[in-house]
Amino acid sequence: MSLDRLAPALFVLLWSTGWVVAKYAALHSEPFTFLSIRYGLSALAFLALCVVMRAQWPTSRTTWLRAIYSGFFLHGFYLAGLWWAIANGVPAGISGIIAALQPLLTAMAAPFLVGERLQQKQKLGLAFGFIGIAIAISPKLVDPATSDLTHAALPLAINLIAMGSVTYGTLYQKKHLQSGDLRTIATLQYVGALILTLPLSLIFEHQHFDGAARAYAALAWSVFGLSMGGVGLLLYLIRRGQVSRAASLIYLMPPAVALEAFIAFGEPLTLPLIVGTAIVVKGVYMTNRRVVQQVPASV
């Protein structure tokens, strides 16, 4: 089976584990500190891969700067904002709804930024996906613990900005980094992410990382499973197809995480989750079923 067919399923499997890793990491490290270590090691790991495989580096300064700039949004501000928001009072259920906004934001912005046009069936698929996510996490939305969010107004705003950041980073990647070696581009993107999170760690945190076995395990998986495996597949999917179709896979994350939590921690699978997941799968299938015509982006 070709990578084109395997990539979406592998991406969902790898990317969804990030929520489980974040749960472990939060017990052993401050968020900006953990992300700074992760991004630094990810940049070094990709650099080693580039050296061993003799990957070709960008020949123009513009491409270098664009790769670093895209990493600032695609990785740096996205995860920094998301982790900080959850640590400061945004419930997981609400954060899940915000995460589900990314495919819709991407689909709305893509015609203006990268010249993509979706067919009616694909638009319907995106709507199906959002409805499915809302149904799947509805029990969490009516939980008394999430009823009063006035104390989390700033974290909610940061969470929304972070989602806008990854949407912008994804579209920027599609428009400006369609050529060149993905391994070298990924290296530079993690440099960009580190440029953001390291100062945040130094200014707002005490660089706490307790060095427990679980902390190192979470860090190792974050670097090799998520940063190299998951992000590498995401960049591949963006380059090979429509950015809106790649973003629609985000809809599968909350159900995938729930299934992983059921297997790993015994958390129950509710009826709304099962029904919502079925609708999500249908929506993602409709969005990714066929390739659409693209019109040139305006200059």
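Residues numbered from 1 in each chain as written. Predicted model: local features only at pLDDT ≥ 70, side-chain atom pairs only at ≥ 80, totals over all residues. Heavy atoms only, no water.

## As for the pattern of salt bridges
Taken as a whole, this structure holds 1 salt bridge when the rule is applied. Measuring nitrogen to oxygen at the nearest pair gives 2.6 Å for the salt bridge that ties R183 to D181. Look at R183 and you get partly exposed, because its relative accessible area is 25%. (Salt bridge = Lys/Arg side-chain N within 4 Å of Asp/Glu carboxyl O. Buried < 20%, exposed > 50% of the residue type's maximum accessible area, 1.4 Å probe, protein only.)

## Overview of the confidence of the model for the protein chain
Of all residues in the protein chain, 78% have pLDDT values of 70 or greater, and the mean over the chain is 79. Scored below 50 in pLDDT, residues 291-299 makes 16 contacts in the model with residues more than four places away or belonging to other chains. (pLDDT = per-residue confidence, 0-100. Contact = heavy atoms within 4.5 Å.)

## A word on unusual backbone geometry
Although it is not a glycine, R54 adopts a positive phi angle of roughly 55°. One can find R54 in the loop between α2 (31-53) and α3 (61-87). What makes R54 exposed here is its relative accessible area of 77%. A positive phi angle is found at Q207, which is not glycine, with a value near 55°. Classification of Q207 by relative accessible area gives partly exposed; the value is 37%. (Helix = DSSP H or I, 4+ residues; strand = E, 2+ residues; numbered from the N terminus.)

## Regarding the environment of S60
Its place among the elements puts S60 in the loop between α2 and α3. When its relative accessible area of 28% is taken as the criterion, S60 is described as partly exposed.

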